[in-house]
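Descriptive structure summary
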Amino acid sequence: MDAEWFVDATAQCAVGRQAREVAWERTPLGLPDEWPEALRHAVRLCFSTQFPVMLVWGPDLTLIYNDGYEEMLGTAKHAGALGAPAAVVWAEIWDEVGPLFDEVLRTGRASSDRDLHLVMNRSGYDEETFFTFSYSPLRDDDGRIAGVLDISTETTLAVVNQRRLAMLGELQGALPTTFTDLATFGRPVLDVLAGSPDVARAAFYDVRGARPRVVGSVGPEAEPAETRLVERVFRTRQRIVSQGLVVKPLRDAVRGGVAGILVLRASPLRPWDRDYARYLAGLAATVGAALRDAVRLRTTMDALRLRVERSEEQTAQMREVALALQQAVLTEPPDPDHLQVAVHYQPAALDRDIGGDWYDGFVTPDGATTLVVGDVVGHDLAAAVMMGQLRGLVRAIGYDSGESPARVLERVDMAVQGLALGSGAIATLVLARIEQSPEQRRHGARTVRWSSAGHLPPMLVRADGRVDTLTRRNDLPLGLSPGTVRTEHTVELYPDDTLVLYTDGLVERRGHNLRDDLADLARALESTHRGPIEEVVEAALTRMLPGPGEDDVALVVLRTGPEDAPVHGTAEMPGDTSAEMPSERGAPVA
């Protein structure tokens, strides 16, 4: 290749340097030193930018492209694509894109498309892709249209991630809240998953007989690999994430067994990688959590009916109802990667003091972990009912809005006023959001962002055993002054740090000074970093409540783990059909 202009034009581009080795004399374009000036200008433009650019020229639409465009060719098309006809390189999608080239060549008008869906074979398999691009006419030295300039970007990951998030939200809205049998529970779940391009097959298996049997499914029939994995999960009661499959036991937390098995199969049009495995595992975990809650609620309501029928005294009835309502909404904590969460709820010893304490924890769509402890004013059935309403408001607004803790509490304040919940809707609480930026992830750090509505200060047990009482400015309790701007605070978490949130039943003891009680709790938490997270809960209760408590107690403990592997074990790499993902456990630790 001795065309000086072509050597100069390709000097700064790896694909351009490869273009020097193409036998251009065998293409309709001929040798580069014979190319018209208009084509030379287009080639210089193509190889001078890092943005993905491809151009076609001549009667065969001969292909020329730069480094940015090379990735769009996958692992199979790049070899031999330079100098080849576009219709040959993109043969499998030419019915879709060929007419777009023809229109530009015929009319001379530019065309564009956003997130165009194309199924192409660029890496040895049919793959679903999305592109945003613009086709513009290229004219030769005489002003005639001789080619097309393609400036494009691949939007596959953005489109796929957006639709996966939307599907998760749709599934959340369709999940049943009651449970009669697995087939009935699974029907609305399957209706939603049937519309997901990322779930090729979904199936519920009943496990009450000697062998699991399908009671509901969407998509193609079960393949032998699915049958083998379902049998394995049936025996072991442990979740399996294998090549393109998630097989999850649906646990019955009330009876301690398994209510069924859920199978999710990935679409063959998307590569099976860690993100895909986590997405399907997350869908399965969402369904499993809803089933546990539905079974628990049904069992709770059945128990309530029996207890109310047998109860002879109104005070005893109110205590049982309040406790049951609290336990019905105090669900298991989340199980985020690299974090452990332990929770504890303990009712007061006195009948009159049952009612308003709660905890909560959930993972928001952006991946942040949110923790809440709160205490409704009052100790009776009305306080328990109000607790359920406020907990639901905080949970729903915190999950759906994705806003910071202070903004979430401001919106809850407005909802309390707008929904006219009344004077009983007054509560103290702490809402904490555990966030992690990409830079923090590299160092194993996190940020706790929290806002306190008249609540007791969080405590932080550092990895060396020191305890920091996070005393900051405290805002008014919820429900007192809607429209008030709330404040929030931050503190950094590092590996093996432990965050402790609690309600006043743990520290407010009759005849004691609150400051002294807080100091006593801090001493109880010192050096608890050496043991499991459950020992943090045990140390606090043993020191602060040696006997029956005078008030409800809600306690949430979060400990950070290393970033190199999940806290509960090492998850298999996607594609490894011989290993299992970590199994869920019945204990309330995430």
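Residues numbered from 1 in each chain as written. Predicted model: local features only at pLDDT ≥ 70, side-chain atom pairs only at ≥ 80, totals over all residues. Heavy atoms only, no water.

Per an unreviewed UniProt entry, the protein chain goes by the name PPM-type phosphatase domain-containing protein and belongs to Cellulosimicrobium funkei.

**A short note on the overall build of the protein chain**
Secondary structure summary: the protein chain contains 16 helices and 20 strands in total. Residue burial in the protein chain is summarised as follows: out of 590 residues, 52% are buried. Relative to all contacts within the protein chain whose residues are 6 or more apart in sequence, the contacts with residues 24 or more apart total 64%. (Helix = DSSP H or I, 4+ residues; strand = E, 2+ residues; numbered from the N terminus. Buried < 20%, exposed > 50% of the residue type's maximum accessible area, 1.4 Å probe, protein only. Contact = heavy atoms within 4.5 Å.)

**A closer look at the state of the cysteines**
In total, this model carries 0 disulfides according to the counting rule given. The cysteine cysteine 13 is free of any disulfide, with cysteine 46 supplying the nearest cysteine sulfur at 6.9 Å. (Disulfide = S-S within 2.5 Å.)

**Topic: the side chain of threonine 364**
Counting through the fold element by element, threonine 364 comes out in the loop between strand S12 (357–363) and strand S13 (369–376). A polar side-chain atom of threonine 364 sits 2.4 Å from a polar atom in the side chain of aspartate 366. (Polar contact = N/O pair within 3.5 Å; in protein donor to acceptor, adjacent residues only side chain to side chain.)

**Some remarks on the pattern of salt bridges**
What the rule picks out here adds up to 34 salt bridges. Arginine 449 is the salt-bridge partner of glutamate 435, the closest N and O atoms lying 3.3 Å from each other. Here glutamate 435, found in strand S14 (residues 427–435), pairs with arginine 449, found in strand S15 (residues 446–453); they are 14 residues apart in sequence, far enough to count as distant. Given a relative accessible area of 24%, arginine 449 falls into the partly exposed group. (Salt bridge = Lys/Arg side-chain N within 4 Å of Asp/Glu carboxyl O.)

**Structural notes on the pairing of strand S18 (residues 489–493)**
Two faces belong to every sheet, and in a regular strand the side chains alternate between them. A one-sided burial pattern is seen for S18, the buried positions being His489, Val491 and Leu493 and the unburied ones Thr490 and Glu492. Here 5 bridges tie S15 to S18, and the two strands are oriented antiparallel to one another. Residue pairing across strands places tryptophan 450 opposite histidine 489, the latter belonging to S18. (Pairing = 2+ DSSP bridges.)

**A closer look at the sheet that holds strand S9 (residues 245–252)**
The sheet built from 5 strands is open, its strands ordered S7-S6-S10-S9-S8 with antiparallel pairing. Each end of this open sheet is capped by a strand with a single partner; those strands are strand S7 (213–218) and strand S8 (240–242). Pairwise comparison of adjacent strand axes, ignoring direction, gives a mean angle of 20° for this sheet. Lying over the sheet, helix H8 (residues 182–193) contacts strand S6 (199–206), S7, S9 and strand S10 (257–266), oriented at roughly 180° with respect to S6. Docked against the sheet, helix H9 (residues 224–236) engages S6, S8, S9 and S10, running at close to 30° with respect to S9. (Axes fitted to C-alpha atoms, helices over the stretch in contact; angles between N-to-C directions.)

**Examining the packing of aromatic side chains**
According to the stated counting rule, one finds 11 aromatic pairs in the structure shown. The ring of tyrosine 276 has arginine 164 lying over it, and the distance from NZ or CZ to the ring centre is 4.3 Å. (Phe/Tyr/Trp six-rings, centres within 6.5 Å; stacked < 30°, edge-to-face > 60°. Lys NZ or Arg CZ within 6 Å of the ring centre and 35° of its normal.)

**What to know about the sheet that holds strand S19 (residues 498–502)**
Read across the sheet, 5 strands follow the order S11-S20-S19-S16-S17 without closing on themselves; strand pairing throughout is antiparallel. Both outer strands of the open sheet, strand S11 (339–346) and strand S17 (467–469), are each paired with one neighbouring strand and no more. On average, adjacent strands in this sheet sit at an angle of 15° to one another, irrespective of strand direction. As judged from the 5 bridges shared by S19 and strand S20 (residues 553–560), these two strands associate in the antiparallel manner. Looking across to S20, one finds that leucine 499 is bridged to leucine 558. Lying on the sheet, helix H15 (residues 514–525) is in contact with strand S16 (459–461), S17 and S19; it crosses S16 at an angle near 20°. Relative to the sheet, helix H16 (residues 533–544) contacts S11, S19 and S20, its axis offset from that of S20 by approximately 145°.

**Quick word on the packing of helix H7 (residues 156–174) against H8**
As a packed pair, H7 and H8 sit with axes 9 Å apart at the nearest point and diverge in direction by 160°. Viewed along their axes, H7 and H8 adopt a mutual orientation that is roughly antiparallel. In terms of crossing hand, the pair formed by H7 and H8 is right-handed. Listed contacts from H8 to Met167, Glu170, Leu171 and Ala174 of H7 are Pro188, Val189, Val192 and Leu193. Here the contact of H7 with H8 is composed, by residue class, of 7 nonpolar, no polar and 1 charged. (Parallel < 35°, antiparallel > 145°, perpendicular 65-115°, else oblique. Left-handed = near helix turned anticlockwise from the far one by under 90°. Nonpolar A, V, L, I, M, F, W, Y, C, P; charged D, E, K, R; others polar.)

**Overview of H15**
Note: α-helices contain 3.6 residues per turn, so residues at a spacing of three or four share the same orientation. The first and last C-alpha atoms of H15 sit 17 Å apart over 12 residues, in line with the 16 Å expected at 1.5 Å per residue. By the burial criterion, the buried members of H15 are Asp517, Leu518, Asp520, Leu521, Ala522, Ala524 and Leu525. Elements in contact with the buried residues of H15: S16, S17, S19 and H16. Between the side-chain oxygen of the N-cap and the backbone nitrogen of arginine 515 there are 2.8 Å, and the N-cap of H15 in question is asparagine 513. Looking at the residues trailing H15, positive phi occurs at serine 527, about 70°. (Expected span 1.5 Å × (residues − 1).)

**Notes on the packing of H15 against H16**
Close contact between H15 and H16 brings their axes to 9 Å; oriented N to C, the two are set at 140°. Between H15 and H16, the interaxial angle falls into the category oblique. Here H15 and H16 pass one another in a crossing that is right-handed. Side by side, H15 and H16 meet where Asp517, Asp520, Leu521, Arg523, Ala524 and Leu525 of the first sit next to Val536, Ala539, Ala540, Arg543 and Met544 of the second. Of the residues assigned to the contact of H15 with H16, the class counts are 7 nonpolar, no polar and 4 charged.

**A look at the nonpolar core**
Trp35, Tyr65 and Phe101 are the most contacted members of the largest nonpolar core, which totals 51 residues. Of the residues forming this core, the biggest block, 6 residues, is contributed by helix H3 (residues 37–48). Sequence-distant contacts of tyrosine 65, defined by excluding residues within four places in its chain, comprise Val15, Cys46, Phe47, Val53, Met54, Glu70, Leu73, His78, Ala81 and Leu82. Grouped together as the second largest cluster of nonpolar side chains are 34 residues, Phe185, Ala202, Val246 and Val295 included. (Core = buried A, V, L, I, M, F, W, Y, C linked by side-chain atoms within 4.5 Å.)

**Observations concerning unusual backbone geometry**
With a phi angle near 55°, aspartate 115 is a residue other than glycine that sits in the positive phi range. Here aspartate 115 shows up in strand S3 (residues 111–121). Of the residues examined, aspartate 115 reaches a relative accessible area of 33% and is grouped as partly exposed. A positive phi angle, near 70°, is found at aspartate 496, a position not held by glycine. By the element assignment, aspartate 496 lies in the loop between S18 and S19. Look at aspartate 496 and you get partly exposed, because its relative accessible area is 43%.

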